[in-house]
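Coordinate inspection notes
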Amino acid sequence: MTRYLLRRLPSAAVVLVLASMAIFGMIRLVPGDPAATLAGPDATPESLAQIRADLGLDQPVWSQYVDWVQSVMTLDLGRSYRVGGEVSDLLGDAAVNTLALTGFALLLAIVMALTLSLVTVIVNKPWLDAFVAGLNTLAVAVPTFVTGFVLVLLLAVLVRVLPAGGTPPDGFLARPDISVQYLLLPGICLALPAAAALARFLTDALETQLEQPYVMTARALGISRRRIVWTQALRNALPAAVAVLGLQVGTLLGGAVLVEAVFAWPGLGQLVERAISSRDYPLVQVLLLLSVVVFIVTQLLSDVVHAWLDPRIRLGGVA
């Protein structure tokens, strides 16, 4: 497994370097003077010069890129001029909230997908297949902000059993029962599209496994369909589902931008929206790079799990 991971690391490093160059170049291509935007309309020439010097904008572009990479590698992320405060502090506070939300949503998505897929395959009724397929299509087709407004209207305004938004007042660890109440609505809203995609791929993978010769032999020996699914087919179907799961983590992080806006959740999504709307270039750069790093790490983890489940991959064979 270690050799497999070492084979994957160089390509991940190349992707990270190319992404950092693309992010740096994209920010520089935005029309307008970043220093003038950050300083505001009443800025003096001296303050503009000071901001340019602080951001290194008076240096050649290649030198700016090298300085930025060095500062990121040493975790010296600088200061946010428009949002306010140190970038590292802003990221730390927002990342805790986003990780709690996306982690909870990921857990919900896995539980919902496993339940739907296993019930569909084990019961094996055409009407149930059609019903679950309809649910999956609805969950993917309806935008998350629409789902969010409907959930808030039903469970926070009409019935009033869950809070409409915000985070637990005493943190996530002080009162787990209260934390779950705050996480439920945004977590369900964020998890539904990911659960639908996972359920569809896992169901297809399970049905493919049930057509394999070893299943035919087990059925001929009198072993029940449910036992075959639990003991054999599910393990063999998991590698394909794990690959999709890695992609869904990136989708969850992207969807968090809208969900956090709907539920007033102070996470990375809200921070991205504030940074872009106020054109806070230093903060936008770091947030974009952080999203790339999270996606690359997630892909590496899903590849490692995939290789652990399927020995052909870690031994260099064809999956």
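Residues numbered from 1 in each chain as written. Predicted model: local features only at pLDDT ≥ 70, side-chain atom pairs only at ≥ 80, totals over all residues. Heavy atoms only, no water.

Quick word on the overall build of the protein
Our working rule: Runs of E in the DSSP output that reach at least two residues are strands. Runs of H or I that reach at least four are helices, and both are numbered from the N terminus. What makes two residues a contact is simply this: any of their non-hydrogen atoms within 4.5 Å.
The secondary structure content of the protein amounts to 13 helices and 0 strands. Counting from the amino terminus, helix and strand elements in the protein follow one another as α-α-α-α-α-α-α-α-α-α-α-α-α. Considering only C-alpha atoms, the protein reaches an extent of 85 × 55 × 35 Å along its principal axes. Looking at the protein alone, contacts between residues at least 24 apart form 73% of all its contacts between residues at least 6 apart.

Side note on the packing of aromatic side chains
Within a pair of aromatic rings, the relevant descriptors are the distance that separates the centres and the angle that separates the planes. Our working definition: A pair of aromatic rings is counted whenever rings of Phe, Tyr or Trp (Trp by its six-membered ring) have centres within 6.5 Å, and the orientation is called stacked for planes under 30 degrees apart, edge-to-face for over 60 and tilted otherwise. Working definition: with a 1.4 Å probe on protein chains only, accessible area under 20% of the residue-type maximum means buried, over 50% means exposed, and in between means partly exposed.
Enumeration according to the criterion identifies 4 aromatic pairs in this entry. Ring geometry for Phe 172 versus Trp 265: centroids 5.9 Å apart, planes at 40 degrees, classification tilted. With Phe 172 in the loop between α7 (144–158) and α8 (176–209) and Trp 265 in the loop between α10 (225–262) and α11 (268–277), this pair connects stretches of sequence that are 93 residues apart. The residues Phe 172 and Trp 265 share a single accessibility class, namely buried. Through successive ring pairs, a cluster of aromatic residues spans Phe 24, Tyr 65 and Trp 68.

What about the pattern of salt bridges?
This is how it is decided: Salt bridges are defined by distance alone: a side-chain nitrogen of Lys or Arg within 4 Å of a carboxyl oxygen of Asp or Glu.
Under the counting rule described, the total for this entry stands at 1 salt bridge. One salt bridge in this structure joins Asp 177 and Arg 175, with 2.9 Å as the shortest N-O distance. Judged by its relative accessible area of 44%, Arg 175 falls in the partly exposed class.

A look at helix α1 (residues 2–29)
What counts, and what does not: Expected helix span is computed as 1.5 Å times (number of residues minus one). Fitting axes to the seven residues that end at a residue and to the seven that start at it, the angle between those axes gives the bend at that residue.
Helix length check: α1 (28 residues) gives 41 Å between terminal C-alpha atoms against 40 Å at 1.5 Å per residue, within 8%. Maximal helix bending in α1 amounts to about 25 degrees, located at Leu 9; proline Pro 10 follows within four positions. Among the residues making up α1, those that are buried are Tyr 4, Ala 12, Ala 19, Ser 20, Ile 23, Phe 24 and Ile 27.

Topic: a negative patch on the surface
Convention followed: To count toward a patch, a residue needs a relative accessible area above 30% and no salt bridge. Like charges then connect within 9 Å, nonpolar side chains (Val, Leu, Ile, Met, Phe, Trp, Tyr) within 5 Å. Note on areas: Shrake-Rupley with a 1.4 Å probe; residue coverage comes only from the protein chains shown. Asp and Glu count as negative and Lys and Arg as positive, but His and the ends of the chain are not part of the count. Throughout, a charge is located at the NZ atom of Lys, the CZ atom of Arg, the CG atom of Asp or the CD atom of Glu.
Judged by side-chain charge, Asp 76, Glu 86, Asp 89 and Asp 93 come together as a negatively charged surface patch. Here Asp 76 is to be found in the loop between α4 (61–73) and α5 (87–123).

Side note on the environment of Leu 155
Relative to the assigned elements, Leu 155 resides in helix α7. Residue Leu 155 is classed as partly exposed on the basis of its relative accessible area of 29%. It is 8.3 Å that separates the C-alpha atoms of Leu 155 and Leu 185, two residues lying 30 residues apart in sequence. Here Leu 155 is in contact with Arg 160, Val 161, Leu 162 and Leu 185, once residues within four sequence places are set aside.

Focus: the side chain of Thr 120
Mapping Thr 120 onto the fold places it in helix α5. Taking the relative accessible area as the measure of exposure, Thr 120 reaches 5% and is therefore buried.

Considering unusual backbone geometry
It is generally the case that most residues other than glycine have a negative phi and that most peptide bonds are trans. Located in the positive-phi region is Leu 75, a residue other than glycine, with phi close to 60 degrees. Here Leu 75 shows up in the loop between α4 and α5. By relative accessible area, Leu 75 is classed as exposed at 66%. The backbone of Arg 160 shows a phi angle near 60 degrees, a positive value even though the residue is not glycine. Relative to the helices and strands, Arg 160 is located in the loop between α7 and α8. Judged by its relative accessible area of 68%, Arg 160 falls in the exposed class.

Topic: the packing of α10 against α11
How two helices sit against one another is set out by the angle between their axes and by the gap between those axes. Test applied: Lines are fitted to the C-alpha atoms to define the axes, a helix being fitted only along its stretch in contact, and any angle between axes, read from their N-to-C directions, falls within 0 to 180 degrees. Orientation is classified from the angle alone, with under 35 degrees giving roughly parallel, over 145 giving roughly antiparallel, 65 to 115 giving roughly perpendicular, and any other angle giving oblique. Residues are grouped as follows: nonpolar covers Ala, Val, Leu, Ile, Met, Phe, Trp, Tyr, Cys and Pro; charged covers Asp, Glu, Lys and Arg; every other residue, Gly included, is treated as polar.
Relative orientation of the contacting elements α10 and α11 amounts to 85 degrees, with a least axis distance of 7 Å. Compared by their axis directions, α10 and α11 come out roughly perpendicular. Taken together, the residues of α11 that come into contact with α10 (itself represented by Ala 256, Val 257 and Glu 260) are Leu 268, Gly 269 and Gln 270. Taken together, the residues of the contact of α10 with α11 sort by class into 3 nonpolar, 2 polar and 1 charged.

Topic: the packing of α5 against helix α6 (residues 126–141)
Applied cut-off: By convention, the crossing between two helices is left-handed when the near helix turns anticlockwise from the far helix through less than a right angle, and right-handed when the turn is clockwise.
The geometry of α5 relative to α6 is characterised by a closest axis approach of 9 Å and an angle of 160 degrees between their N-to-C directions. If you check the angle between α5 and α6, you find them roughly antiparallel. Crossing of α5 over α6 shows left-handed handedness. Between α5 and α6, the contacting residues are Leu 116, Val 119, Thr 120 and Val 123 on the first element and Leu 128, Asp 129, Val 132 and Asn 136 on the second. Its residues placed into classes, the contact of α5 with α6 shows 5 nonpolar, 2 polar and 1 charged.

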